[in-house]
Structure formats: structure tokens, C-alpha cells
Amino acid sequence: MKKSRKILALILSLAMVFALAACGNQETGGDTNSPAPSGSQPVEGSQTPATQSGGEENTATDIKVAMITDYGDITDQSFNQTTYEACKAYCDPAGIPFEYYKPVGDSTPERVAMIDAAVADGYNVIVMPGYAFAEAIKETAELYPDTTFIALDVGEGDLDPNGEGYTLPSNVYCAVYQEELCGYMAGYAAVKLGYTHLGFLGGMAVPAVQRYGYGYIQGADAAAAETGADVTLEYVYGNQFFGDADITAYMDNWYQSLGVQVVFACGGGIYTSAAEAAAKAGGKVIGVDVDQAGIISAYGEDMTVTSAMKGLANTTQHLLDEVVNGNFANYGGKIETLGLVSGDDPEANYVQLPMESTQWSDGFTQDDYKALVKAMFDGEITVSNDVSVEPAANATTITVNSYENIK
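This structure is a prediction, so every number in the text was calculated from the model and none was measured.

Right, let's get into the overall build of the protein chain. Check the secondary structure of the protein chain and you find 12 helices and 13 strands. In the protein chain, the proportion of contacts linking residues at least 24 apart, taken out of those at least 6 apart, comes to 74%. A total of about 16,200 Å² of accessible surface is found on the protein chain, and carbon and sulfur atoms cover 48% of it.

Have a look at this one:
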């Protein structure tokens, strides 16, 4: 079975070569020498997700890096683009060959096909952003033991949803993030900044999105308890990770009829619907994953209140560096949860708000934010990551109205 899969991968790779020659490199998504798309930029520097120790150092010629997109593309101004730009920013200066592959559709077989193709093309480090890669990892990691897999936002619940005792192979490293922490920061900031009618528009009800949303509720609730503000929070999932006319119409109702002032748009390209609706009503938006102020505020000046960010670029670049330095054995077979690593430097953390673009005011200053982070780091503030409960279970002070999926 494994031998036939490898033969199939070789055939697929040869077929892709001919397809690329005929179609101008449409299948894999681009030339490694082409400039990175404009928009969010990878975070410089890196943190350390795991304990380091020495290893046999590789050379740049030993490494070829491929990134596989999930169901989005490298211009999504979110997960895929950030990971793509982080890989490119690391590989290009080091002279490491880099390419990305985009599955034809949104399914495990199509993601597996791209992994097969990348391996057949000689890429021996594969970076995969998103929980959707869980089944693809299970199908390919042991088949290609000499390939290093770096998976972002793939957790135990994704790999072993039924609790059957799946063991992650030693050539795979998975990172998940404490989204509930930066979600809390965003909700707390929104209420401290004076917003009293909030919204949460999630992409799909998957754990990472739920953690963002539940943290957002808890942060808003805490700030309301401190200020005595009467706060209402509307909560819904679009059931997809992109905006469209139906979701925009739903957001129109929130902003124009319900009086929602700011929406935390949490789920890839779904921010477009929130931003389009906000622009019509003078509303505000909170970004996700990366600092989205540049793209969201393009819909309206000063539209972005803040962004709940996680260190996708830091994780990617750090792990690539560890592969090159021969230290991947310290990471392989692990699923690590990354969150706060400093109580004194908010920008050193894997979850944070942007210092530059957050709309600070007397109600919530940079010093207030730093004090909040320190309290969270010191354990004075705790945030639940229990996604088994209903949204309203995360609040004791504010009113939470949750709705069925929009789509």
C-alpha cells in the first residue's frame, strides 16, 4: 500500500510538471522567486516553543521547504498568508528552496495529494496551517518518515477526536495557541474603550475559533464588572471561513438594526462581511490572528479597534531554524500549547494585541494593557478554555445572545 502511494505520488508529480508547463504554474500556486503578497508581514524574531539542545546541523542545501494551504490561499490576509510570508522570509535569505501548494478543493484527499506531490518534488520540510490537516497528517506522516512536518493549529482533539489514543509520529510537530487569552484581551479592551454593544462573528465552531470567542466574552464580562457598564454581546458563526452577501446582510442587521458597535470577526476571510457592513453604519471591527488594521481599515478610516493575534510567524520561523540547526528531535512527536511567555514584554508573547494599531484611549492605555498582560501571566486573571459549554456560560455580568449558524 505504501509503495503504491509513493508510485502514485511520483506520477502525480510528473503530471504536475507538465501541467505547470502548460498552465503557467497554476497548480502549486506560484514561483518561489515571486514577491510576497502585500498586506500583513511576518513577525520578526522568534520565541522558543520547546526546550532546545544541540543536534547535527543541516546545511541550506539539505532543506527544501513546502507549505500547503488549507482551503484558502496565500492572499487571505490571515492564516495562510501569514504562514506563507513567514516561510518565505526565512527561506529566501538563507537560500533555502521554498514553494507552496494549494489543494484543488477542501478535502483531506486533496490535501494529501499536495503533500504527496511536495514529497515527490523533493521537499523534505512541510508546513501546514490549520486544523483541517489533522487527517492528512495521519495518512502521510508515517508514510514519509524522512519528511519533517510542522503543523499549526492542529491539536489533540483534531488528531484523536474519539479518544482512541493516537500517537503523533516523531517527524511531526504541532502547535496550538491559547486563543482564549488574546480573545479576552480584545473583549476587555473593547468595553474599557467604551463600547457597550459588541458582536462576535466566528467562521466555524471549531475549537480555535470557539476559544477566541469564549475568551472575548470573558474579557468583556470582566471589564463590564469593573466599570459597571451595561453590555450586550451578540454571538454567531457564519459556518464558513469567508464572507459573502448573506453574511454581509446579517451583519447589516447587527450594525443598523440592533445597534452593534463593534464586531470581532474571527475566521479567515469572513472579516470582509463585517467590514462591509461596518462601513455602511460607521461601525468598528476587531481583527484576528494577525494585525488586520491595514486591510480592515481600507473599508473605512480607523475602523479597526484592535486585533487578537497569535504567533503564527514566530512559530514557523523558529521551527524552521531548529530544523536547519538539527534540533527538530526536541520537537518531534509533540503537541505544544503556546501562550504567554512574558509578563513584562507583551510583544514577546504568542498571544497579544498590536501595540501600534490598537486604538488606545484614556479608558484603556498601553500601560493598562501591560498591566492586564502581567496579571494574566502571574495567574491573577484566569481564562477558561472550556468549549463544551454554551457561549453565555462564560458571562456573569453581561448579556450574551447566541444564534444558530448563519449558513
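For helix α7 (residues 207-227), spanning 21 residues, the distance from its first C-alpha to its last is 30 Å, which sits close to the expected 30 Å at 1.5 Å a residue. For α7, a buried count of 17 out of 21 residues is recorded, marking the element as mostly surrounded by other parts of the structure.

Moving on: helix α11 (residues 312-324). Helix length check: α11, at 13 residues, gives a terminal C-alpha distance of 19 Å against a target of 18 Å (1.5 Å per residue), a fit within 8%. With 12 of 13 residues buried, α11 is to be regarded as a mostly interior element. Those residues of α11 lying buried are L312, A313, N314, T315, T316, Q317, H318, L319, L320, E322, V323 and V324. Positioned one or two residues after α11, G326 has a phi angle of 75°, which is positive.

Attention shifts here to the confidence of the model for the protein chain. Residue-level pLDDT values for the protein chain average 88, and 85% of them are 70 or greater. Counting interchain partners and residues more than four positions distant, the pLDDT-below-50 stretch residues 6-48 has 82 contacts. Taken as a whole, residues 51-55 scores under 50 in pLDDT and shows 11 contacts with residues more than four places along the chain or in a different chain.

Okay, a negative patch on the surface next. Taken together, the side chains of D344, D345, E347 and E356 define an acidic patch exposed on the protein surface. Within the fold, E356 resides in the loop between β12 (351-352) and α12 (366-377). With a relative accessible area of 74%, E356 lands in the exposed category.

So, about the pairing of strand β8 (residues 262-266). Buried residues dominate β8, accounting for five of its five residues. Of the two faces of β8, both are covered, the one formed by V262, F264 and C266 as well as the one formed by V263 and A265. Direction of pairing for strand β6 (residues 197-202) relative to β8: parallel, over a ladder of five bridges. Bridge pairing links L198 to V262 in β8. Note that β8 and strand β9 (residues 284-289) share three bridges and pair parallel. Its bridge partner lying in β9, V263 is registered against V285. As for the winding sense of the linkage, the β-α-β connection from β8 through helix α9 (residues 271-281) to β9 is right-handed.

Core analysis: the largest hydrophobic core is formed by 48 residues, its most contacted members being M185, L198, F200, Y216, L233, F264 and I398. Secondary-structure elements contributing two or more residues to this core are α6 (179-192), β6, α7, β7 (232-237), β8, β9, β10 (304-310) and α12. Ignoring anything within four residues of it in the chain, the contact list for I398 reads I217, A220, D221, A224, V231 and L233. In this structure, A175, L312, L320 and V323 belong to the second largest nonpolar core, which totals 28 residues.

Basis of the calculations
- Residues numbered from 1 in each chain as written.
- Predicted model: local features only at pLDDT ≥ 70, side-chain atom pairs only at ≥ 80, totals over all residues.
- Heavy atoms only, no water.
- Helix = DSSP H or I, 4+ residues; strand = E, 2+ residues; numbered from the N terminus.
- Contact = heavy atoms within 4.5 Å.
- Areas by Shrake-Rupley, 256 points an atom, 1.4 Å probe, with all protein chains shown as cover.
- Expected span 1.5 Å × (residues − 1).
- Buried < 20%, exposed > 50% of the residue type's maximum accessible area, 1.4 Å probe, protein only.
- pLDDT = per-residue confidence, 0-100.
- Patch = residues over 30% accessible without salt bridge, like charges linked within 9 Å, V, L, I, M, F, W, Y side chains within 5 Å.
- Salt bridge = Lys/Arg side-chain N within 4 Å of Asp/Glu carboxyl O.
- Lys, Arg positive; Asp, Glu negative; His and termini not counted.
- Charge placed at Lys NZ, Arg CZ, Asp CG, Glu CD.
- Pairing = 2+ DSSP bridges.
- Right-handed = clockwise from strand over helix to strand, strands pointing away.
- Core = buried A, V, L, I, M, F, W, Y, C linked by side-chain atoms within 4.5 Å.

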